[in-house]
Amino acid sequence: MEYFALLLGSGLVIGATYGLVGMGFAIIYKATGVVNFAQGELLMLTAYIAFSLTQGLALSFFPLLLVTLPIAMALGVLLERIFIRPMLGEPAFSIVMVTVGLSVILRGLTIMIWGPDPHEFPIGLSTTVVHLGPVPFYPVQLYALGSLAIATGGAWAFFRFTRLGIAMRAVASNEAAALLMGIRVDRIHMLAWSFSAAIAALAGVLFAAMFKLGPTIWFEGLRSFPAVILGGLDSVLGAALGGLVVGVIENMAQGYLGQGLREIAGFVVIVLILMVRPYGLFGDRQIERV
Amino acid sequence: MRGMLKFALLALGTLSAGGTAAWAAEPGITDTEIRIGDVNIMTGPASFIGQAVSVGSKVAAAEINAAGGINGRKIVIHTEDDGYVPARSFQALKKLIEVDDIFALNGTSGTANVLAMMPLITKANLPTVVTTAPNELVYNPVRPSVFTIGASYEAAFFAQLKYIHEHNEPKTPVYGLIRQDDDFGVAVENGYSRAIKELGLKDGIRLKYKKGQTDFGAELLQMREAGVTVLANGAIIASAANVLSEARKLGLDLQVADVWSEIMPPSAKLLAPAGYSFFVGDYIASMTDPAAVSWLERTKQYMSDTDRQAVNRYTFITYAGLKVLAKAMAACGKELTRACTVENLKKTHGFETGGLTAPISFDNEKQLGGTEVKVYQVNLADVSFKTLTGYTQY
Amino acid sequence: MRTGHFKDSYASLVALSDSRTAWVWTGLMALALLALPLLVGAYSLTLAVTILVAIVGAIGLNLLTGTTGLISLGQSGFLAIGAYTNGILLTDHGWPIWASLPAAGLVAAAISLLVGIPSLRLKGLYLAITTLAFSFIVNYLILFFEGVTHGSNGIFLGDVTIFGFDLSADRPLYYFTLAITVLVALGALNLGRTRIGRAWLAIRDHDIAARAMGIDLVRYKLLAFFMSSFFIGIAGALMSLQIRFINIDIFGFLLSIEALAIIILGGLGSVAGAILGTVFLTLLPEAIRLALSLIVDPNASTYSKYIYEIRGITYGVVMVLFLRFKPDGLIGLWRDAKKFFVNWPLAY
């Protein structure tokens with residue numbers, strides 16, 4: 001039982017990072033119908049920017065976020081303006097490929113600026129192990145779980161209650177109609193990118209603080225695919241939940257079956273889920289007419 | 001409609017203008033220079049290896065050239081990037097051979113990369129010193145023109161586990177292994193198996209993981225369930241650090257043997273916070289070893305600031321590799337040929353590297369030298385490495 | 001000068017080309033390709049083989065993604081299956097290459113049905129990510145069944161000969177790959193003008209509408225998976241012939257991305273586009289290398305550290321620029337150029 005609880009604990013921790021990254025995917029997909037293949041690179045770039053900030057200013061977690069998140073949002077806006085806005089009206093597939101190109105650019109740029117060396121990324125949190133029942137956590141891991149909860153709650157409230165959130169849902173459900181109702185669709189897209197970049201930054205900082213900062217952390221983007229697919233590409237809350245589920249499944253698969261199964265457990269699960277529910281667990285079923 | 005294919009042809013044609021190399025009696029040699037190739041990881045996450053390697057080549061070449069070159073010929077280094085992708089290593093070596101017209105190869109990327117280049121190397125009888133991939137797969141079977149420097153991961157792990165067994169063994173010694181699921185991981189496991197068998201150790205658990213994995217929560221729990229007290233940590237860099245960090249979280253009391261890449265300062269700094277005084281077995285001098293310190297002093301005139309930052313163990317070994325190669329080439333006199341160089345490399349015996357490695361000899365069946373390993377232990381306070389044993393053959 | 005089209009038989013409508021000029025040019029190009037080894041050096045020939053192999057793979061992917069509209073990120077998985085099948089049959093079972101090559105295609109095709117069946121209900125990016133999942137799973141299984149696949153050690157291909165020609169030499173390999181590529185290209189072109197090809201196009205344009213018109217979606221989607229993977233499997237086998245060493249690291253995820261980039265830059269759904277895209281993207285790094293060596297001194301230490309990363313970034317930039325300014329790809333560029341000359345001096 002204790003073994004199970006410990007597996008659950010470490011599964012939730014890694015799941016929280018999947019969830020955060022997955023939310024970033026879902027926000028952009030919801031608003032623009034595009035899977036942003038540069039999400040992992042966005043995470044990488046913002047994490048490195050935050051790293052430079054801690055080096056220069058010795059900021060602790062909350063001040064660091066206060067500085068990093070606006071920078072990330074500005075970066076999101078910038079990338080949307082330069083790379084995505086000019087593609088408005090092109091097929092989704094082309095825009096997806098633009099994000100693929102963007103990912104190559106960001107990856108090269110980051111390594112060029114910060115070099116290939118890995119770094120320890122302290123964010124001013126204690127490293128004393130905390131026990132919740134039998135399960136040990138590093139404080140930063142609890143912050144990650146907390147951040148996921150807050151981000152999920154925030155996203156839920158935003159989409160439910162704010163004008164902007166409702167406008168975003170309108171754009172997601174029918175872009176042309178939303179445009180006709182006077183919603184500035186281009187602004188909504190820009191907003192989606194900036195929110196997504198902010199969440200990527202949050203995920204990046206937490207991920208790097210837990211698992212070190214190195215030039216391979218962009219891969220975290222791909223690893224989070226099962227989470228976002230499980231939840232449904234267009235479901236922001238589903239992605240968060242999907243992340244936790246995938247994280248736990250990975251750890252259970254490794255803990256009980258072994259054989260390095262963790263690396264594919266998430267992918268096997270989504271293949272199975274998609275056979276039953278082709279739009280993920282919480283995704284909107286597209287009704288098509290000829 | 002398919003006529004446009006002629007563009008493809010045109011493009012190829014233009015390219016070939018640079019592609020056809022003049023046939024010299026012996027490739028890569030002119031009256032004034034000898035061209036040496038170097039295929040390495042210059043881009044991507046592992047580029048710290050390639051950067052360090054190219055500094056090693058550069059310094060060795062500068063030093064040799066400053067002393068008058070090899071029988072009057074200067075050494076010129078041609079570096080190609082393979083980004084750690086075997087298919088690109090093949091492509092890169094093809095270019096070095098056909099376009100840059102190299103005479104020999106020094107500096108060779110990872111194991112799979114060398115293997116992908118092997119058919120080309122054998123075919124051209126290209127004198128090759130493998131400095132960064134001392135893997136069994138490289139020297140077994142022996143290729144006549146390929147010479148390898150360095151201990152295998154197998155020997156390095158055996159050395160550490162033996163040291164732990166003899167000097168630092170915990171009260172209830174249970175050994176555990178975690179390793180990558182590739183050729184490198186297999187070599188690590190061989191060392192572990194050998195230690196288990198020859199030293200009669202208790203084998204608790206063996207785990208595999210996929211390269212680049214970050215979360216090791218479940219794996220370390222498995223270790224704990226198996227009662228592991230001595231961990232052979234075959235993970236590298238961030239993964240290695242994450243393994244130790246998970247171990248610390250679970251409060252495991254461990255003796256830890258690590259991969260030699262963890263002796264490099266950026267990597268060691270990642271591992272240190274977990275608080276385990278880990279061991280490393282390496283066939284190359286550590287950065288704080290007197291041999292390395294005096295080398296850095298002696299060669300600083302040849303290095304720029306960026307070069308100096310890139311220096312690590314791969315620099316030393318590549319430097320040594322080019323020096324061995326240069327000695328073999330010099331012994332051929334003015335009439336330098338590949339066959340003669342290979343012949344002289346084969347005769348290499350007890351080549352002194354000033355302590356950067358043990359003396360190098362290739363006059364054995366495997367054409368493998370510098371295999372003696374030192375065991376180091378990290379000093380957590382300043383992340384330096386204490387030398388525990390001299391160069392020893394395992 | 002041709003000014004318009006008038007066709008009076010169905011056969012002439014579906015003919016590969018109705019223009020004598022096109023046939024003449026094609027013939028000339030075939031001659032040029034045959035003469036290539038006599039004209040260029042060994043490195044260019046290696047590049048040519050790389051291009052030919054990638055063309056086979058790109059044509060395969062194009063059938064699935066370009067023609068049928070099913071986006072796949074599983075290219076690297078099918079390439080790996082093809083390469084491994086070829087390698088295992090050649091080295092462990094002593095098959096001749098003329099048998100192992102089609103077998104590589106068939107095995108990849110058969111396995112693609114395993115992916116195809118669960119993917120039938122999936123659309124767009126969901127399908128893309130499922131195929132991505134598939135390639136990760138293939139990767140895992142290849143390392144897992146090391147008894148068959150040699151696991152992480154990889155496989156060395158010994159000497160491979162066909163009709164007495166040694167395929168490890170540059171020229172025989174070039175001619176061999178060229179022959180296969182031409183066969184694959186002709187196969188794909190001909191598939192495109194049959195009932196099957198038209199069914200695929202209909203599915204791409206709207207699969208529900210296609211079904212309403214009596215096209216059996218299950219059958220034709222699976223057929224698309226099958227044919228596409230057959231070609232990709234053959235490309236994988238050819239890859240293994242060229243490098244002569246197979247290791248799982250060769251088949252990374254980025255390969256799948258590159259393959260997609262190729263068919264998009266070339267122009268979706270067109271065989272000629274796949275060819276153009278491959279040539280362009282394979283030569284791009286070489287061109288960037290040349291350009292950079294003209295601009296900066298490769299020995300200047302400030303640049304040498306960055307030069308390789310800059311090359312990677314340029315690759316990304318070219319991709320983005322193309323998608324932005326020439327979304328129908330190189331083949332679109334070619335059509336525009338042709339139109340310009342045909343209609344000149346008029347605009348239309």
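Residues numbered from 1 in each chain as written. Chains lettered and ligands numbered in written order. Predicted model: local features only at pLDDT ≥ 70, side-chain atom pairs only at ≥ 80, totals over all residues.

### Topic: the overall build of chain C
Helices and strands together make up the secondary structure of chain C, namely 15 helices and four strands. Relative to its length of 348 residues, chain C is compact, with a C-alpha radius of gyration of 21 Å against a globular reference of 20 Å. Along the first, second and third principal axes, the C-alpha set of chain C runs to 60 × 55 × 45 Å. When the 348 residues of chain C are sorted by exposure, 53% land in the buried category. A separation threshold of at least 6 residues defines the contact pool for chain C, and within that pool the share at least 24 residues apart is 75%. (Helix = DSSP H or I, 4+ residues; strand = E, 2+ residues; numbered from the N terminus. Rg over C-alpha atoms; globule rule 2.2 N^0.38 Å. Buried ≥ 20, exposed ≤ 12 C-beta atoms within 10 Å, placed from the backbone. Contact = placed C-beta atoms within 7 Å.)

### A word on the overall build of chain A
For chain A, the count of helices and strands is twelve helices and two strands. Relative to a compact globule of 290 residues, whose C-alpha radius of gyration would be 19 Å, chain A shows 19 Å and is just as compact. When each of the 290 residues of chain A is scored for burial, the buried share is 59%. By sequence separation, contacts in chain A at least 24 residues apart represent 76% of the contacts at least 6 residues apart.

### Section: the environment of G260(A)
Checked against the element boundaries, G260(A) lands in the loop between α11 (236-257) and α12 (262-276). Spatially, the C-alpha atoms of G260(A) and L274(A) are 23 Å apart, while their sequence positions differ by 14 residues. If we skip the residues at most four places from it in the chain, G260(A) touches D181(B), K208(B), Y209(B) and K210(B).

### Description of the pairing of strand β1 (residues 33-40) of chain B
All names here are of chain B. Here β1 lies mainly inside the structure; seven of its eight residues are buried. Both β1 and strand β2 (residues 74-81) contribute to a ladder of eight bridges, which runs parallel. Looking across to β2, one finds that G37 is bridged to H78. Pairing between β1 and strand β3 (residues 104-106): two bridges, direction parallel. Bridge assignment links G37 to a residue of β3, and that residue is L105. (Pairing = 2+ DSSP bridges.)

### Thoughts on the nonpolar core
Judged by nonpolar contacts, the single largest core of 356 residues is most densely connected at A47(A), V56(C), I59(C) and I234(C). Here the element with the most residues in this core is helix α8 (residues 185-211) of chain A; it accounts for 20 residues. (Core = buried A, V, L, I, M, F, W, Y, C linked by C-beta atoms within 7 Å.)

### Regarding the interface of chain A and chain B
If you look at the interface, chain A gives 28 residues, while chain B gives 31 residues. When residues of the side of chain A that touches chain B are traced back to their parent elements, those giving at least two are α1 (2-32), α11 and α12 of chain A. Sorting elements by how many residues they give to the side of chain A that touches chain B places α1(A) first, with seven residues. A class-by-class count of the residues in the side of chain A that touches chain B yields 13 nonpolar, ten polar and five charged. (Nonpolar A, V, L, I, M, F, W, Y, C, P; charged D, E, K, R; others polar.)

### Brief notes about the sheet that holds β3(B)
One open sheet holds the six strands; their spatial order is β2-β1-β3-β4-β5-β11 (chain B), and the pairing between them is parallel. Of all the strands in the sheet, just β2 and β11 (368-369) of chain B have a single pairing partner and so form its edges.

### As for unusual backbone geometry
A cis amide bond links N140(B) to the next residue, P141(B), at an omega of 5°. The topology assignment puts P141(B) in the loop between α5 (136-139) and β5 (146-149). With a phi close to 55°, Q367(B) is a non-glycine residue in the positive phi region. Locating Q367(B) in the fold gives a position in the loop between α14 (338-347) and β11. Classification of Q367(B) by C-beta neighbours within 10 Å gives buried; the count is 22. Look at R244(C): it is not a glycine, yet its phi comes out positive at around 65°. C-beta crowding within 10 Å serves as the criterion here: with 23 such atoms nearby, R244(C) is assigned to the buried category.

### Brief notes about the sheet that holds strand β8 (residues 230-234) of chain B
Hydrogen bonds along the backbone pair up the strands of a sheet, which may run parallel or antiparallel. All names here are of chain B. Strand order in the open sheet formed by seven strands is β7-β6-β8-β9-β10-β12-β13, with mixed pairing between adjacent strands. The open sheet has two edge strands, β7 (203-209) and β13 (384-387), and neither has a second partner. Geometrically, the sheet is characterised by an average inter-axis angle of 25° between neighbouring strands, direction not taken into account. Where strand β6 (residues 175-180) and β8 come together, five bridges link them in parallel fashion. Counted as the bridge partner of I178 is N233 from β8. In the packing of helix α6 (residues 153-168) onto the sheet, contacts are made with β8, β9 (255-258), β10 (279-282) and β12 (374-379), and the angle to β10 comes to roughly 135°. Here helix α8 (residues 217-225) sits on the sheet and contacts β6, β7 and β8; the angle it forms with β7, its principal contact strand, is near 170°. (Axes fitted to C-alpha atoms, helices over the stretch in contact; angles between N-to-C directions.)

### Some words on the pairing of β10(B)
Residues and elements named next belong to chain B. Side chains F279 and G281 of β10 all project onto a buried face; the interleaved residues V280 and D282 project onto the opposite face, where all are buried too. Handedness of the crossover is the feature at issue here: the chain leaves β9, passes through helix α10 (residues 265-271), returns alongside β10, and the resulting connection is right-handed. Bridge count between β10 and β12: four bridges; the pairing is antiparallel. Considered in β12, the bridge of F279 is made with Q377. (Right-handed = clockwise from strand over helix to strand, strands pointing away.)

### Brief notes about the confidence of the model for chain C
Looking at chain C as a whole, its pLDDT mean stands at 86, while 95% of the residues score no less than 70. Taken together, the chains of this predicted complex give a pTM of 0.87 and an interface ipTM of 0.90. (pLDDT = per-residue confidence, 0-100.)

### Concerning the packing of helix α3 (residues 42-67) of chain C against helix α12 (residues 253-266) of chain C
Residues and elements named next belong to chain C. Orientation of α3 relative to α12, taken along the N-to-C sense of each, is 75°, at an axis distance of 9 Å. Between α3 and α12, the crossing angle belongs to the class labelled roughly perpendicular. Residues A54, G57, A58, L61, N62, T65 and G66 of α3 pack against A259, I262 and I263 of α12. Of the residues in the contact of α3 with α12, the class split is six nonpolar, four polar and no charged. (Parallel < 35°, antiparallel > 145°, perpendicular 65-115°, else oblique.)

### Brief notes about helix α11 (residues 217-243) of chain C
Residue and element names in this part refer to chain C. The end-to-end C-alpha distance of α11, which contains 27 residues, comes to 38 Å, matching closely the 39 Å that a straight helix rising 1.5 Å per residue would cover. Counting buried positions along α11 yields 22 of 27 residues, so the element is predominantly enclosed. After α11 finishes, the residue R244 shows a positive phi value of roughly 65°. (Expected span 1.5 Å × (residues − 1).)

### Some details on the packing of α11(A) against α12(A)
All names here are of chain A. Between α11 and α12, whose axes approach to 8 Å, the crossing angle comes to 130°. By the criterion of interaxial angle, the relationship of α11 to α12 is oblique. Relative to α12, α11 is oriented so that their crossing is right-handed. Contacts between α11 and α12 involve V246, I249, E250, N251, A253 and Q254 from the first element and R262, A265, G266 and V269 from the second. Per-class residue counts for the contact of α11 with α12 are five nonpolar, three polar and two charged. (Left-handed = near helix turned anticlockwise from the far one by under 90°.)

### What to know about the environment of D205(C)
All names here are of chain C. Of note, D205 is situated in helix α9 (residues 195-205). D205 gets classed as exposed once you count the C-beta atoms within 10 Å, which come to 10. Taking C-alpha positions, D205 is 16 Å from R121, a pair spaced 84 residues apart along the chain.

### Focus on the environment of M227(C)
Residue and element names in this part refer to chain C. Counting through the fold element by element, M227 comes out in helix α11. Given 23 C-beta atoms within a 10 Å radius, M227 is considered buried. The spacing of M227 and V182 is 45 residues in sequence and 16 Å in space, taken between C-alpha atoms. For M227, the contacting residues outside a window of four places in its chain are L63 and L191.

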